[in-house]
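Report on the structure
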Amino acid sequence: MNSNRFPRTARVRARSDFDRIFKHGRRVALPVLALHFQADPQIPARLGLAVSRKVDPNAVGRNRIKRILRDAFRHLRGELAAGDYVVVARPGAAKLSGEELRAAFHSLLKRAGARNALALPETAAPGTMPAASPSHPTPDSGPG
């Protein structure tokens, strides 16, 4: 099970890396989480986390959020596009259960196009609408 480990090389740790990802990366957001993503085919997927005291004034709560997000990333790392991912927790994240946080993280990855949409769970993330069923495609909104 070495593929499920979360080694130091799988983490975004340097301030310069965070600054580069925030400045040049693509951002997708939900009311409880924001994801900054910068593709880099030369490195495997890496995760950085930003959970401030505004999210939860208690260290226990902030560490719980980080632990859940790290675990979700660790299990998905092999399926993700190469590059750097920085997840920024927002104040509503402290009120969510672990399963709701995972669903929000999965939803962000899907919206960022970092993971195959077919492998995602069917539950909608908090603050989002459920996705349309693949068996009922929506009509093209182009000129017609």
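All of these numbers come straight from a predicted model, not from anything done at the bench. (Residues numbered from 1 in each chain as written. Predicted model: local features only at pLDDT ≥ 70, side-chain atom pairs only at ≥ 80, totals over all residues. Heavy atoms only, no water.)

Notes on the nonpolar core
If you look at the biggest cluster of nonpolar residues, it comprises 32 residues, and the most contacted ones within it are Leu33, Tyr85 and Phe105. Of all elements in the fold, only β2 (33–39), β3 (46–50), α2 (59–76), β4 (83–89) and α3 (98–112) reach the threshold of two or more residues within this core. When residues no more than four places from it in sequence are discounted, the contact partners of Phe105 are Leu33, Leu69, Ala72, Phe73, Leu76 and Val87. (Core = buried A, V, L, I, M, F, W, Y, C linked by side-chain atoms within 4.5 Å. Buried < 20%, exposed > 50% of the residue type's maximum accessible area, 1.4 Å probe, protein only. Helix = DSSP H or I, 4+ residues; strand = E, 2+ residues; numbered from the N terminus. Contact = heavy atoms within 4.5 Å.)

Considerations on the pairing of β4
For β4, the buried fraction is high: 6 of the 7 residues fall into the buried class. Looking at chain direction, β2 and β4 are connected through 7 bridges and run antiparallel. Bridging from a neighbouring strand, Leu33 pairs with Ala89 of β4. The pairing of β3 with β4 spans 5 bridges and is classified as parallel. Note that in β4 the partner of Leu47 across the bridge is Tyr85. In this view, the connection linking β3 to its parallel neighbour β4 by way of α2 has left-handed handedness. (Pairing = 2+ DSSP bridges. Right-handed = clockwise from strand over helix to strand, strands pointing away.)

Examining the sheet that holds β3
Spatial strand order, β1-β2-β4-β3: 4 strands in an open sheet with mixed pairing. Bordering the open sheet on either side are β1 (26–29) and β3, each of which pairs with just one other strand. The average undirected angle you get between the axes of adjacent strands in this sheet is 20 degrees. (Axes fitted to C-alpha atoms, helices over the stretch in contact; angles between N-to-C directions.)

Points about the packing of aromatic side chains
Centre-to-centre distance and the angle between the planes together describe a pair of aromatic rings. Summed over the entire model, instances satisfying the criterion amount to 3 aromatic pairs. Measuring from centroid to centroid gives 6.3 Å for Phe18 and Phe22, while their planes differ by 40 degrees, and the two rings are tilted. With Phe18 and Phe22 both in helix α1 (residues 15–24), this residue pair falls 4 residues apart, about one helical turn. For Phe22, a relative accessible area of 36% gives the class partly exposed. Each residue in the set Phe37, Phe73 and Tyr85 is aromatic and connected to the rest through ring pairs, giving one cluster. (Phe/Tyr/Trp six-rings, centres within 6.5 Å; stacked < 30°, edge-to-face > 60°.)

Let's talk about the pairing of β2
The element β2 is largely enclosed, with a buried count of 6 among its 7 residues. Between β1 and β2, which pair antiparallel and follow one another directly, the connecting turn spans 3 residues.

Considering the environment of Arg46
Assignment of secondary structure puts Arg46 in strand β3. Assessed through its relative accessible area of 15%, Arg46 is described here as buried. Sequence separation of Arg46 and Arg11 is 35 residues, and the distance between their C-alpha atoms is 5.0 Å. One polar contact links Arg46 to Asp84, side chain to side chain, over a distance of 2.7 Å. (Polar contact = N/O pair within 3.5 Å; in protein donor to acceptor, adjacent residues only side chain to side chain.)

Some points on the pattern of salt bridges
Tallied over the full model, the rule gives 7 salt bridges. Where Arg102 meets Glu99, a salt bridge forms, and the shortest distance between an N and an O atom there is 3.9 Å. Residue Arg102 and its partner Glu99 are located together in helix α3, separated by 3 residues, close to a single helical turn. Sharing partners across several salt bridges, the network here consists of Asp17, Arg20, Arg46 and Asp84. (Salt bridge = Lys/Arg side-chain N within 4 Å of Asp/Glu carboxyl O.)

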